[in-house]
2 protein chains.
Amino acid sequence: MDIERIQLQSHGDHRGMLIALEPERNVPFPIRRVYYLFATRSGVHRGRHAHRHLNQLAIPVRGSVTFLLDDGTGPVEVVLNDPSQGLLLGRMVWRELYDFSEDCVLMVLADQPYDPDDYITDYDAFLREVHGSLYPAGMLACLDR
Amino acid sequence: MDIERIQLQSHGDHRGMLIALEPERNVPFPIRRVYYLFATRSGVHRGRHAHRHLNQLAIPVRGSVTFLLDDGTGPVEVVLNDPSQGLLLGRMVWRELYDFSEDCVLMVLADQPYDPDDYITDYDAFLREVHGSLYPAGMLACLDR
């Protein structure tokens, strides 16, 4: 799956912590958009989409959140709860976000400005784009026999 | 003084809040660096420098912090405590940060990568670069008579 957890160098001293993100140093793309989610209500699920082209780096700068990630081969659950750990999300990964802590602030860096045409918001449509059909390639091979 | 408070559009709904930052939309420069300060200890002062060229946008995505700002004409105090309000800081503004709340996460977008040569860390040197001397221009005019 086109995801990767990355450890971010923390410039901590007696004053507190500072983490810096720069393209070509620890961000593998130009930063063309930054957004942050906060004050997410209890029980809320967000996301539920994939991107055709967008690359993103998500960092829980405060609190915690759980990602469910799926590239069409089945879901993986990732808990983000450390402001010095980021999650790189590549293209064509279905994501769903839940279990936001009350204090969660999730910061996301993206390599493109907002483009509604880049979203796939229907899971079956996502599977069709990934597999060419609703069914995994292996299953289709069996049906073809 | 080359500072400006800006109100950021919040895309809030029943799920929670989302704020997006994009160059040429609500950020007046390309984003070449993002950093965040957190876990700042009680009583700590940070900053105490000016930048010769750097432009920055500071946003308290969680909690609160106070800025003391000075362009050489005297200090102004600005409290940041709203994740939908940003502070644009231009070049040659001395800044000192204090009164961080325990939960404060301060996110800063910058238009250049880290460059130690861009920092002025001595206040008298800052005043000399601003005024051409340690004294305000008006005072020097009096002395010249």
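What you are looking at is a predicted structure, and each value in this text was computed from that prediction instead of being measured.

Caption draft 1: Structural view of the overall build of chain A. Regarding its fold elements, chain A presents 2 helices and 11 strands. Ordered by position in the sequence, the α and β elements of chain A form the string β-β-β-β-β-β-β-β-β-β-β-α-α. If one aligns the C-alpha atoms of chain A with their principal axes, the spans along those axes are about 65 × 35 × 25 Å. Within chain A, residue pairs in contact and separated by at least 24 positions form 77% of the contacts whose partners lie at least 6 positions apart. Of the roughly 7100 Å² that chain A leaves accessible, carbon and sulfur atoms contribute 49%. In chain A, 14 side chains carry a positive charge and 21 a negative one; their mean positions are 3 Å apart.

Caption draft 2: The sheet that holds strand β11 (residues 119–120) of chain A, seen in detail. Residue and element names in this part refer to chain A. Strand order across the open sheet formed by 5 strands is β7-β6-β9-β4-β11, with antiparallel pairing between neighbours. Sheet topology places β7 (75–80) and β11 at the edges, where each strand pairs with a single neighbour. One ladder, built from 2 bridges, connects strand β4 (residues 46–51) with β11; its direction is antiparallel. Paired with H51 across the two strands is Y119, which belongs to β11.

Caption draft 3: Seen up close, the sheet that holds strand β10 (residues 105–110) of chain A. Taken together, 6 strands build an open sheet; the order of strands is β1(A)-β8(A)-β5(A)-β10(A)-β3(A)-β2(B) and the sheet is antiparallel. Because the sheet does not close on itself, it has two edges, and the strands there are β1 (3–7) of chain A together with β2 (17–21) of chain B. Across the sheet, the mean angle separating the axes of adjacent strands is 20 degrees when strand polarity is ignored.

Caption draft 4: The arrangement of the side chain of D70 of chain A in detail. Residue and element names in this part refer to chain A. Among the secondary structure elements, D70 is positioned in strand β6 (residues 65–70). Although D70 lies buried, it forms no salt bridge, and the closest oppositely charged side chain, R95, sits 11 Å away as judged by the N-O distance. Looking at D70, its side chain comes within polar contact range of the main-chain nitrogen of T73, at 3.4 Å. Among the polar contacts made by the side chain of D70, one reaches the main-chain amide nitrogen of G74 at a distance of 3.1 Å. D70 has contacts with M1, P75, M92, V93, W94, Y123 and F126, leaving out every residue within four places of it along the chain.

Caption draft 5: Region of interest: unusual backbone geometry. Residue and element names in this part refer to chain B. Residue A39 is not a glycine yet carries a positive backbone phi of 55 degrees. Position of A39 relative to the elements: it lies in the loop between β3 (33–38) and β4 (46–51). Of the residues examined, A39 reaches a relative accessible area of 42% and is grouped as partly exposed. Unusually for a residue other than glycine, R48 sits at a positive phi of about 55 degrees.

Caption draft 6: Summary view of the relation of the copies chain B and chain A. Of the two same-sequence chains, chain B is brought onto chain A (RMSD 0.0 Å, axial shift 0.0 Å) by a rotation of 180 degrees. Such values leave the two copies arranged in the relation of a two-fold axis. When C-alpha positions in chain B are compared against the rotation axis, the closest is assigned to I31 of chain B, at 3.0 Å. A share of 100% of the interface residues of chain B reappears at the interface of chain A, consistent with the copies meeting face to face through the same patch.

Caption draft 7: Structural view of the interface of chain B and chain A. Listed per partner, the contact involves 38 residues of chain B and 38 residues of chain A. When chain B packs against chain A, close to 3300 Å² is buried across both sides, 55% of that on carbon and sulfur atoms. Summed over the three residues of chain B that lose the most area to chain A, namely R15, Y36 and F38 of chain B, the buried surface amounts to 22% of that side. Linking chain B with chain A are 2 salt bridges, by the criterion used here. Between R33 of chain B and E22 of chain A there is a salt bridge, and its shortest N-O distance comes to 2.9 Å. Elements with a contribution of two residues or more to the side of chain B that touches chain A: β2, β3, β5 (56–62) and β10 (105–110) of chain B. Per element, the largest residue contribution to the side of chain B that touches chain A is 6 residues, and it comes from β3 of chain B. The class makeup of the residues in the side of chain B that touches chain A is 23 nonpolar, 5 polar and 10 charged. Sheet analysis places strand β2 (residues 17–21) of chain A next to β3 of chain B, joined by 5 bridges and oriented antiparallel.

What counts as what
Residues numbered from 1 in each chain as written. Chains lettered and ligands numbered in written order. Predicted model: local features only at pLDDT ≥ 70, side-chain atom pairs only at ≥ 80, totals over all residues. Heavy atoms only, no water. Helix = DSSP H or I, 4+ residues; strand = E, 2+ residues; numbered from the N terminus. Contact = heavy atoms within 4.5 Å. Areas by Shrake-Rupley, 256 points an atom, 1.4 Å probe, with all protein chains shown as cover. Lys, Arg positive; Asp, Glu negative; His and termini not counted. Charge placed at Lys NZ, Arg CZ, Asp CG, Glu CD. Pairing = 2+ DSSP bridges. Axes fitted to C-alpha atoms, helices over the stretch in contact; angles between N-to-C directions. Buried < 20%, exposed > 50% of the residue type's maximum accessible area, 1.4 Å probe, protein only. Salt bridge = Lys/Arg side-chain N within 4 Å of Asp/Glu carboxyl O. Polar contact = N/O pair within 3.5 Å; in protein donor to acceptor, adjacent residues only side chain to side chain. Least-squares fit on C-alpha atoms with pLDDT ≥ 70 in both. Buried area = accessible area lost by both parts, 1.4 Å probe. Nonpolar A, V, L, I, M, F, W, Y, C, P; charged D, E, K, R; others polar.

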